[in-house]
Amino acid sequence: RKKEPSMVEVAEAEATPTVGPITVVADPPLCDVAASQSFDIAQAESYTTAELEEIYINALWSVYRNGVPMLQDEELDKLKKMLYKRDSSFPTLQRDDIAFV
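Given the structure is predicted, the values throughout are model-derived calculations rather than measurements.

1. Observations concerning the overall build of the chain
A tally of helices and strands in the chain yields 4 helices and 2 strands. For the chain, the N- to C-terminal ordering of α and β elements is α-β-β-α-α-α. Looking at the chain alone, contacts between residues at least 24 apart form 56% of all its contacts between residues at least 6 apart. Element-wise, carbon and sulfur atoms account for 54% of the exposed surface of the chain, whose accessible area totals about 7700 Å².

2. Focus on the nonpolar core
The biggest cluster of nonpolar side chains holds 18 residues, and the ones touching the most others in it are Phe 39, Leu 52, Tyr 56, Leu 71 and Leu 79. Element by element, the count of residues in this core is highest for helix 3 (residues 49-66), at 7 residues. The contact partners of Phe 39, leaving out residues within four places of it in the chain, are Ala 44, Tyr 47, Leu 52, Ile 55, Leu 71 and Leu 79.

3. Brief notes about the side chain of Glu 53
Of note, Glu 53 is situated in helix 3. No salt bridge is formed by the buried Glu 53, whose closest oppositely charged neighbour, Arg 86, lies at an N-O distance of 8.6 Å. With sequence-adjacent residues up to four places away left out, Glu 53 is seen in contact with Leu 83, Ser 88 and Phe 90.

4. Things to note about unusual backbone geometry
One can expect most non-glycine residues to show negative phi and most peptide bonds to be in trans. For Asp 87, which is not glycine, the phi torsion reads 60° and is therefore positive. On the basis of relative accessible area, Asp 87 is assigned to the exposed category, the value being 72%.

5. Thoughts on the environment of Phe 90
Structurally, Phe 90 is set in the segment after helix 4 (73-85). Relative accessible area serves as the criterion here: at 18%, Phe 90 is assigned to the buried category.

Basis of the calculations
Residues numbered from 1 in each chain as written. Predicted model: local features only at pLDDT ≥ 70, side-chain atom pairs only at ≥ 80, totals over all residues. Heavy atoms only, no water. Helix = DSSP H or I, 4+ residues; strand = E, 2+ residues; numbered from the N terminus. Contact = heavy atoms within 4.5 Å. Areas by Shrake-Rupley, 256 points an atom, 1.4 Å probe, with all protein chains shown as cover. Core = buried A, V, L, I, M, F, W, Y, C linked by side-chain atoms within 4.5 Å. Buried < 20%, exposed > 50% of the residue type's maximum accessible area, 1.4 Å probe, protein only. Lys, Arg positive; Asp, Glu negative; His and termini not counted. Salt bridge = Lys/Arg side-chain N within 4 Å of Asp/Glu carboxyl O.

This is the structure we're talking about:
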């Protein structure tokens, strides 16, 4: 007869989901966080839309996940407006959506 797993074993198994031999990382590092941290809103026009989207997501993730704002509220608002002008859908993402970008 097979032994039932303990509550601790079940919790540990649920904490690290796996798919085959690949372990799913719960909090993957974001791309080029250093570039996002050196972002200058005055130079934003020189960035590509993809770069601005990455900075936007990193800024939101920093607040939502770490509680540390990477950009001032005014800068984030300007960035969001700039992305809207460039027809980006990123400003419409919900809080839960950014974890999957």
